[in-house]
Structure formats: structure tokens, C-alpha cells
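Structural features, examined
These are the residues of each chain, in order.
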Amino acid sequence: MGKKQRRSRQKEEQVETPAAPHEDAPAAAAAEEEAAQEVAVEGQTQTQGATNGGVKEEAAAEEEVKEVSFDELGLDEQLKRALRKKGLTNTTLIQREAIPRILEGTDLVAQAKTGSGKTFAYLLPLLQKLLRLSSEGSLRKSAPNALILVPTRELCQQVFNEASSLLQLCTSKLRIVQVNASMPDKDIKLALSGPPNILVTTPACVATCISKGIVQGSSIKESLSMMVLDEADLLLSYRCEDDLKALVPHIPRGCQSILMSATSSPDIVKLAKLLLHNPDILTLTEVGHVKDDVVPRNVQQFWISCSEKDKMLYILALLKLELIQKKVLIFVNSIDMAFRLRLFLEKFGIRSAVLNAELPQNSRLHIIEAFNARLFDYLIATDDNKTKEVKQTNKENKKDSRGSRKHMQQTLDAEFGVVRGIDFKNVFTVVNFDMPPDPAGYIHRIGRTGRANKTGASISLVSPEEEDVFEEIENMLQDVEKKDTKCILPFPLLTTNAVESLRYRAQDVARSVTSRDIQEARRQDIKNEILNSDKLKAHFEENPTDLDLLKHDKILSNKVIPVHLRDVPEYLIDPTTKEASNAIKLSRAAMGVDNPGRKRKMGFRRGSGKSSDPLRTFSAEGKSRKRVGKQRDGEQDRRKRRKKAEV
Ligand SMILES: Nc1ncnc2c1ncn2[C@@H]1O[C@H](COP(=O)(O)OP(=O)(O)OP(=O)(O)O)[C@@H](O)[C@H]1O
């Protein structure tokens, strides 16, 4: 279909009455949940055992619904117990296919959809192997016994957390650490002293450790039993090839290597050839041989055609008229755009947080945790560490560290990749405000919803300039056997009337957000986060429960939001939009996702002031006077109550 045709087709479809997916919301939600559960227990796999260039190739296709519990996979008793305690009983497809193969000891290249549970698929057999070697007393102690390489620091933390939570529930003890390039050498040395049994790190960091002699290559050769390359497709896009090549001479021949990936590419084959020995290749596809079906089936994909300059208007309509389900992760391609959007939405009373490479790592981790805990509903993220902006900012910072603006800017984190691979919890909708540069980027973005077989949706705003990449994405997702069935459908719930009713307000407000405002907001945000980063670290280590109180969606502008922008007048909303919006609300209620985190966990009123904000009330040095005062008040109250009781 030509571009013009496509646009006019969508225009026609946009003005129709809202239809599926949210028509009969509660019923639809129930059906969706049911469908999701079906996917959760999906099929038996079939191995084809084809041979490809000397490597065994096994393609698995889901055929019939069958549950396989972790108990059936030959795992160690303590791991099974740990999984039960974590409430995990049934395996996902990749887990039931990969775990037995890895337990057999062969090298493995596995490709499975985003959010399909790849982490446990390699962690469980890795832990089992080390627990066995440990009980046999055959673990060498000169360097880590297992190396898990991931592309970003955020992923280091995530994998470390997953593995630690399992190990804490095991009786035998294995030590795991995570180190990354942002840590001072002395901290890395300290972490690696011992040494730990499992090291989670990035290729860049391990290469640096070897080149600085923090870890001896010869020790690695002596001790390493297992190596995992997680998110292998991303490892390559983070330009880790040279670092991995530097590691190759130190990997012992007997080391079992696993490569996990969400997408396939010739680069993965290259990486496998570099690091693995005669690996099994496991490619998991869906029933019906859908070509490259890497987007989970439980994610409904939509698109909206609009001009670049109307994108603000469309996103406003989607959010303000509540036509999409929360939580929402919005992708943009530059940090400036992230702040432009945040400031724009703020003026309509829609609060959001921004996640980007400029922020200190502590802040990034807290933002993810707060978003996962449902403390706010909208997160605007940039996901590409190779954007022009990143390169330019780092170059500028190198050249000139005096200029006020440049001085304020952080050197952007080259290992930043907060979005790709990150296990966001319960994101219902992913919005591509800007289209990603390529299909792989699209898959990783969409993969932030529909995780662990939950339902989800994605909406891409496609401008005429982005239609080429959109077409590339569509072609990649297209089922060869069902040429006429589109994987990405026009978004059915947004009518032209609804959009037009907001046009003037949106245009006015969009114009009022100037480049200066954006730079100011950006500077302010970094300043706050840098100042708070160390305090946050110290404070939250001591008071982990206070994490609930942290707000990253604070209003950036100090101007009061005019009522006419905050509340959309009833007369502006047409009946069709009202119906669609109500359906979404009902569906949200039926799914029990009406932001319970905020109400349940925060313990403070929405929009409450200073006292509820830990960034303002605590100090890293000690308890704030206010807090001490409060405690004293509490003590006085208690004394009064005791007296009363005595009387
Ligand atoms: N057997 C299981 N049952 C229920 N939930 C699971 C199971 N295995 C993993 N999960 C959960 O599913 C979510 C996604 O898992 P994971 O992060 O390992 O996916 P992934 O395939 O690595 O995704 P990506 O490619 O995007 O990194 C996590 O929250 C994880 O705790």
C-alpha cells in the first residue's frame, strides 16, 4: 500500500466509532487476561534438528497448550524451593526449552521474544552448575567461576537482583557481585576480592579490569566455568565487539557459553562464532510460522498517522482524553524532545518523569523503581545511546568544561540503556512519540509491555518522514502466509473531532514551550538529580521503605496550571470519545490497575507539599530538624495518651 493510500485509509478508520480492542471493556479485559494466561502456558515445542553450516539448528514451534512446571526440569531441590517461595511454578517456553539443554553442558544460542523469561532460562542452570561444583569442592578460587555480560549498568543491577533473590533463598551460599565502569577502581578491586563466584558486568568493564590487572587473564582461564552473553543483540549495538575480542584469549576451552537474544541478525552469528563452541541454536517462534514473531502475541500494536508538528496534539488527545491504558512509557529520540514533551504535558496538568542518559545512575535506578512501584503513570524515555545528541554532548563537554551550560551537563553515559532489556513492571502502553531508527529498536521498545505474558498495547505516531522506517518495521513483522493481515493496526479510539477539539489549546501551549525553557528544565532536572544522587544512595540504603515517597514526576515549571488547560471542558468531548474513554476506565478498573501503588504505598496525599517529599525533608548527614521535631511530637502524643489511659 502506498504512503498516500495508507494515510487516507487511516484517516477513514480514525473517524469510525471505537471498536475492539476495548469495546466491551470488562469483558474484553477478562478475555484478554484469559488469552494472556493461555500464552503463559503455551505450547509444546517441536525440534526440527536441521543442520546449518556445521551447527545444530533447532527451531521450536509452539503447538499445543501445555504447562511445564519448574519441578519437571531436573533442577536442584534448593532452586525449586527458592522458585516456589518466589511464587514461580510454571515455566515459560524459553525456560522449558533452554534449561535442560544448558544443564546438559552444551553451548547454546537462544533467541526468544522480549519479556519471555530469558533471564531465569540461563540463571537457573548456571546456579545449578555452580552449586553442584561447589558441593563437589571443585570450584577454582582465583577468579569468578561464572561471568554474566550485559550491555548496560541498569541490566547489571537487574540481573544481579534476580540472581541474588534466588541465592538468598538457597541454603548453599554462592557469592555474586556486579561491577560497572562507573565504579572507582578501588571499589571494583574490593568487590572482586575473594573472588566472587559470579560476576555480572559489562564487556567494557571486564576488558578494563583485565587491562588494568584488576583481574588476571590467567586466573580467568583457570576459574571460569560458565559465561553468559545476555541481550547479545544489544551487546553488539553498544560497540562491545572489541572488548569481547579482548576477553576471548582468556576463556578456557571447557567454559560453557550461552548467548541470549531477543532479535536475530548476522551479527549474532558472528558473535557466536567468536565465543561459542559448536552451540545448539534454539529459535522460538509462534504457531503459524509467523515471520520473526518477536513481539509477544499479547501486545496489540497500533499506529496513528500525523504530521511531525501535530504529534504534541495527538499525544495530548491520547492522554488527556484517557484513551490509552496506564502505565504508559513514551519513547522520544532526543533528550530535548523529552523535556519539551514533559513541559508541554505539565501545562495540561499531566505529570510525567523523564529518563535519560544524562541522569546519575542512582537517579535512573530510582526512577525505574518508582515507576515500577506505580508512583507515577507516565515515563518519557530516550533509549538510544548513539544519538547525534549523545555524541555531540560528550564531544562538547570534552572540548569545553567551563561554559555554564556545558559545565552543567553530565557526560552522557555510554553504557546507558535504561530502556532496552529493562524489566519494567506492568507497563500497559508503549507510545512511540518518535519512531525508533530501525526495526530492532521497535522490538525492544515494544518489549517493555506484555512482559511475563501480561496484556499490553503499543501506539506509534508516524509522521510522513517516518513512513519508510514504519514500512520496514511492518515488513519485518509481516506474516508471509497472511500477506493482507497487518500486524500494526490504525488506532481505532481517536476521532478527528476529539483531536480537533484540542488543536488550538495544544498549538498555543506547544508554542509557549521555548528552547530556553527546555534547556532550563533540563539543567534544573540534572542539578536536582546530581545533588540528590549521593544523598539518595546514602538515605535509601538506610531507609529502603522511603523509596516509596520519592517523586520523579515533580512539576518543572513554577507557573500555576490554568484551569482551562488542566480540565478539558465537557462540551469539547464528543460522545464517541467519551464512550471510548469510559471503556478504557472500566477496563482499567476491571484489571485492578487504577494506580494502587500511589494510594497504597505512598502514605501521602497526591499533590501534597514539601513534607511528603523525601528529597526536601531528609538530609544525608542525619535526620532533618523537621523530622526530629515530628518524632518529638509523636513522643509527646504518646505520653499524653499514656497519661489519659492512666487517668
Ligand atoms: N516462569 C515465570 N513465570 C512468571 N513470571 C516469570 C517467569 N519467568 C520470568 N518471569 C518474569 O517475567 C518478566 C520478564 O522476564 P525477563 O526479564 O527474564 O525477560 P526477557 O526475555 O529477558 O526480556 P528482554 O528480552 O526484554 O530482556 C520478569 O518480571 C520475570 O520476573
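Remember, predicted model here, so these are calculated numbers, not experimental data.

Right, let's talk about the overall build of the protein chain for a bit. Across its full length, the protein chain carries 26 helices and 16 strands. Within the protein chain, the fraction of its 647 residues that count as buried is 56%. The contacts in the protein chain between residues at least 6 apart in sequence include a share of 79% that link residues at least 24 apart. When the accessible area of the protein chain is evaluated, it comes to approximately 28,900 Å², of which 50% is carbon and sulfur surface.

Another aspect to go through is the site of the ligand. Neighbouring the ligand are 23 residues; Gly115, Lys118, Thr119, Glu231 and Asp423 lie closest to it. Here the ligand has 640 Å² of accessible area as a free molecule, and 87% of this is covered by the chains. At three residues, helix H5 (residues 118-135) tops the list of elements feeding residues into the shell around the ligand. A per-class count over the shell around the ligand returns five nonpolar, ten polar and eight charged.

Looking now at the packing of aromatic side chains. Summed over the entire model, instances satisfying the criterion amount to five aromatic pairs. Geometrically, the ring pair formed by Phe302 and Phe491 is edge-to-face, given 5.6 Å between the ring centres and 80° between the ring planes. Note that Phe302 is positioned in strand E10 (residues 299-305) and Phe491 in the loop between strand E16 (488-490) and helix H20 (496-512), a separation of 189 residues in sequence. By relative accessible area, which is 3% here, Phe491 ends up buried. One aromatic cluster in this structure is built from Phe371, Phe376 and Phe424. We note Lys311 situated over the ring of Phe433; from NZ or CZ to the ring centre the distance is 6.0 Å. The ring of Phe371 is capped by Lys327, whose NZ or CZ atom sits 4.6 Å from the centre of that ring.

Once that is clear, we can look at the packing of helix H13 (residues 311-320) against H20. Relative to each other, H13 and H20 sit at 120°, their axes nearing to 9 Å. On the basis of the axis angle, H13 is oblique to H20. Like other packed secondary-structure pairs, H13 and H20 cross with a definite hand, here right-handed. Two secondary-structure elements touch here, H13 through Leu313, Tyr314, Leu316 and Ala317 and H20 through Val499, Leu502, Arg503 and Ala506. Class assignment of the residues belonging to the contact of H13 with H20 gives a composition of seven nonpolar, no polar and one charged.

UniProt tags residues 68-96 as "short sequence motif: Q motif" (unreviewed entry). Taken end to end, residues 68-96 comprises 45% helix and 0% strand; its first and last C-alpha atoms sit 7 Å apart.

Across the ten residues of H13, ten count as buried, placing the element largely inside the fold. Among the residues of H13, those classed as buried are Lys311, Met312, Leu313, Tyr314, Ile315, Leu316, Ala317, Leu318, Leu319 and Lys320. The first or second residue beyond H13 is Glu322, which carries a positive phi of 50°.

A regular strand places its side chains so that they alternate between the two faces of the sheet. Counting buried residues along strand E11 (residues 328-332), five of its five residues qualify, which places the element largely inside the surrounding structure. What you see with E11 is no split at all: Val328, Ile330 and Val332 on one side and Leu329 and Phe331 on the other are buried throughout. Pairing geometry for E11 and strand E13 (residues 378-382), over five bridges, is parallel. Bridge assignment links Phe331 to a residue of E13, and that residue is Ala381.

All right, on to the packing of helix H3 (residues 77-85) against H5 then. At a minimum axis separation of 10 Å, H3 and H5 run at an interaxial angle of 140°. When the axis of H3 is compared with that of H5, the two are oblique. Helix-helix and strand crossings are classified by hand; for H3 and H5 the assignment is right-handed. Along the contact surface, H3 presents Gln78, Leu79 and Leu83, while H5 presents Leu124, Leu127, Gln128 and Leu131.

A word on the confidence of the model for the protein chain. Overall, the prediction assigns the protein chain a mean pLDDT of 74, with 66% of residues at 70 or greater. Contacts for the low-pLDDT stretch residues 286-292, under 50 throughout, to residues beyond four places or in other chains number 19 contacts. Of the regions scoring below 50 in pLDDT, residues 393-412 engages in 33 contacts with residues more than four places distant in sequence or in other chains.

What follows concerns the environment of Leu236. Residue position: Leu236 is located in helix H10 (residues 232-237). Here Leu236 falls in the buried class, since its relative accessible area comes to 15%. On a C-alpha basis, the gap between Leu236 and Leu271 in space is 8.3 Å, while along the polypeptide they are 35 residues apart. Non-local contacts of Leu236, meaning those with residues more than four positions away in its chain, are made with Glu241, Asp267, Ile268 and Leu271.

Let us look at the nonpolar core. With 48 residues, the main nonpolar core has Leu318, Ile330, Leu341, Phe344, Phe491 and Leu494 as its most contacted residues. Residue contributions to this core peak at eight residues, all from H13. With 46 residues, the next largest nonpolar core counts Ala121, Leu130, Leu133 and Leu155 among its residues.

With that settled, consider unusual backbone geometry. Cis rather than trans, the peptide bond between Gly194 and Pro195 has omega equal to -15°. On the secondary structure map, Pro195 appears in the loop between helix H7 (185-192) and strand E6 (198-201). Cis peptide bonds are those with omega within 30 degrees of zero, and the linkage from Lys326 to Lys327 qualifies with 0°. Along the chain, Lys327 falls in the loop between H13 and E11. Here the phi dihedral of Asn278 falls at roughly 40°; this positive angle occurs in a residue that is not glycine. Here Asn278 shows up in the loop between helix H12 (266-275) and strand E9 (280-285). The residue Glu322 is not glycine, and still its phi comes out positive at about 50°. A relative accessible area of 24% means that Glu322 is categorised as partly exposed.

Those residues of H12 lying buried are Ile268, Leu271, Ala272 and Leu275. With its buried residues spanning 100° around the axis, H12 presents them on a single face. Exposed and oriented more than 90 degrees from the buried face of H12 are Pro266 and Lys273.

A separate point is the sheet that holds E11. Within the open sheet, the seven strands sit side by side as E12-E13-E11-E14-E15-E10-E16. Their pairing is parallel. With partners counted over all chains shown, the strands left at the sheet margins are strand E12 (353-355) and E16, one partner each. Pairwise comparison of adjacent strand axes, ignoring direction, gives a mean angle of 25° for this sheet. For E12 and E13, the ladder comprises three bridges, and the chain directions are parallel. Counted as the bridge partner of Val354 is Ile380 from E13. Against the sheet, helix H14 (residues 335-346) engages E11, E12 and E13, with an angle of about 160° to E13.

With that out of the way, let us pick up the pattern of salt bridges. Under the counting rule described, the total for this entry stands at 20 salt bridges. Its salt-bridge partner being Glu154, residue Arg364 comes within 2.5 Å of it at the nearest N-O pair. Separated by 210 residues along the polypeptide, Arg364 in helix H15 (residues 361-372) and Glu154 in helix H6 (residues 153-167) bring together distant segments of the chain. Glu154 shares its class with Arg364; the two are buried. Lys425 serves as the salt-bridge partner of Asp423, at 2.7 Å between the closest nitrogen and oxygen. Given the relative accessible area of 39%, Lys425 is considered partly exposed. A cluster of three or more residues bridged by salt bridges with shared partners is formed by Glu241, Lys245 and Lys270.

Parameters at a glance
Residues numbered from 1 in each chain as written. Predicted model: local features only at pLDDT ≥ 70, side-chain atom pairs only at ≥ 80, totals over all residues. Heavy atoms only, no water. Helix = DSSP H or I, 4+ residues; strand = E, 2+ residues; numbered from the N terminus. Buried < 20%, exposed > 50% of the residue type's maximum accessible area, 1.4 Å probe, protein only. Contact = heavy atoms within 4.5 Å. Areas by Shrake-Rupley, 256 points an atom, 1.4 Å probe, with all protein chains shown as cover. Near = heavy atom within 4 Å. Nonpolar A, V, L, I, M, F, W, Y, C, P; charged D, E, K, R; others polar. Phe/Tyr/Trp six-rings, centres within 6.5 Å; stacked < 30°, edge-to-face > 60°. Lys NZ or Arg CZ within 6 Å of the ring centre and 35° of its normal. Axes fitted to C-alpha atoms, helices over the stretch in contact; angles between N-to-C directions. Parallel < 35°, antiparallel > 145°, perpendicular 65-115°, else oblique. Left-handed = near helix turned anticlockwise from the far one by under 90°. UniProt positions renumbered as here; feature names shortened; annotations may be inferred. Pairing = 2+ DSSP bridges. pLDDT = per-residue confidence, 0-100. Core = buried A, V, L, I, M, F, W, Y, C linked by side-chain atoms within 4.5 Å. Arc of directions from axis to C-beta. Salt bridge = Lys/Arg side-chain N within 4 Å of Asp/Glu carboxyl O.

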